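Inside the fold
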Amino acid sequence: MDFENLKIGMKKSISKTITETDIILYSGISLDCNPVHLNKEYAEASRFKKRIAHGMLTAGLVSAVLGTKLPGEGSIYMGQELMFTAPVYFGDTITATAEIIELIPEKNRVILSTICTNQDGKEVLKGQAKIMKK
């Protein structure tokens, strides 16, 4: 979508169920092999009581929304503030949502609020993204 067609309040989402395969593949790609993600016994002794997804795997769903839905193709991801507010467990279905909160026409910049929630509507990530749009 071209910058001229963007409006404050526009919102788009994407959802994905996080699987054990996702966690294993992400561990290999990112080299983050923290046992809280991979080792059942270790995770059971942690404050989470079971294995959790990588925070940045969840954040990757935000990137998917920004690059494919809003603002969409041609977007350049310039920055992101993130806060991880709750763990994501294997089998959780995460919905990442981006909403335009500010447009800066003189620089073709888009500021979006970003949030991820689980299948129960619980917030697991929140933040703000800055995008350059052609």
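An account of the accompanying structure is given in this report. (Residues numbered from 1 in each chain as written. Predicted model: local features only at pLDDT ≥ 70, side-chain atom pairs only at ≥ 80, totals over all residues. Heavy atoms only, no water.)

Right, let's get into the pattern of salt bridges. Overall, the coordinates contain four salt bridges when judged by the stated rule. A salt bridge links Lys11 to Glu99, with the nearest nitrogen and oxygen atoms 3.7 Å apart. Taken as a pair, Lys11 in strand E1 (residues 11–17) and Glu99 in strand E3 (residues 93–104) lie far apart in primary sequence, 88 residues in all. Residues Glu20 and Arg51 are paired through a salt bridge, measuring 3.0 Å at the closest nitrogen-oxygen approach. Note that Glu20 is positioned in helix H1 (residues 20–30) and Arg51 in the loop between helix H3 (40–44) and helix H4 (55–68), a separation of 31 residues in sequence. (Salt bridge = Lys/Arg side-chain N within 4 Å of Asp/Glu carboxyl O. Helix = DSSP H or I, 4+ residues; strand = E, 2+ residues; numbered from the N terminus.)

A few words now on the environment of Gly121. Its place among the elements puts Gly121 in the loop between strand E4 (109–117) and strand E5 (123–132). A relative accessible area of 54% means that Gly121 is categorised as exposed. With 28 residues separating them in the primary sequence, Gly121 and Thr93 have C-alpha atoms 9.9 Å apart. (Buried < 20%, exposed > 50% of the residue type's maximum accessible area, 1.4 Å probe, protein only.)

This part takes up the pairing of E3. Where E1 lies against E3, seven bridges are found, and the strand directions are antiparallel. Looking at E3, one finds that Ser15 is bridged to Thr95. In this structure, E3 lies alongside E4, joined through nine bridges in antiparallel fashion. Following the sheet pairing, Leu103 is matched in E4 by Val110. A loop of four residues connects E3 with E4, the two strands running antiparallel in sequence, and Asn108 in this loop sits at a positive phi of about 55 degrees. (Pairing = 2+ DSSP bridges.)

Another point: H4. Taking 1.5 Å per residue as the helical rise, H4 with its 14 residues ought to reach 20 Å, and the 21 Å between its terminal C-alpha atoms agrees with that figure. Of all the positions in H4, only Leu57, Thr58, Ala59, Leu61, Val62, Val65 and Leu66 are classed as buried. Elements that come into contact with the buried residues of H4 comprise E1, H1, strand E2 (76–84), E3, E4 and E5. (Expected span 1.5 Å × (residues − 1). Contact = heavy atoms within 4.5 Å.)

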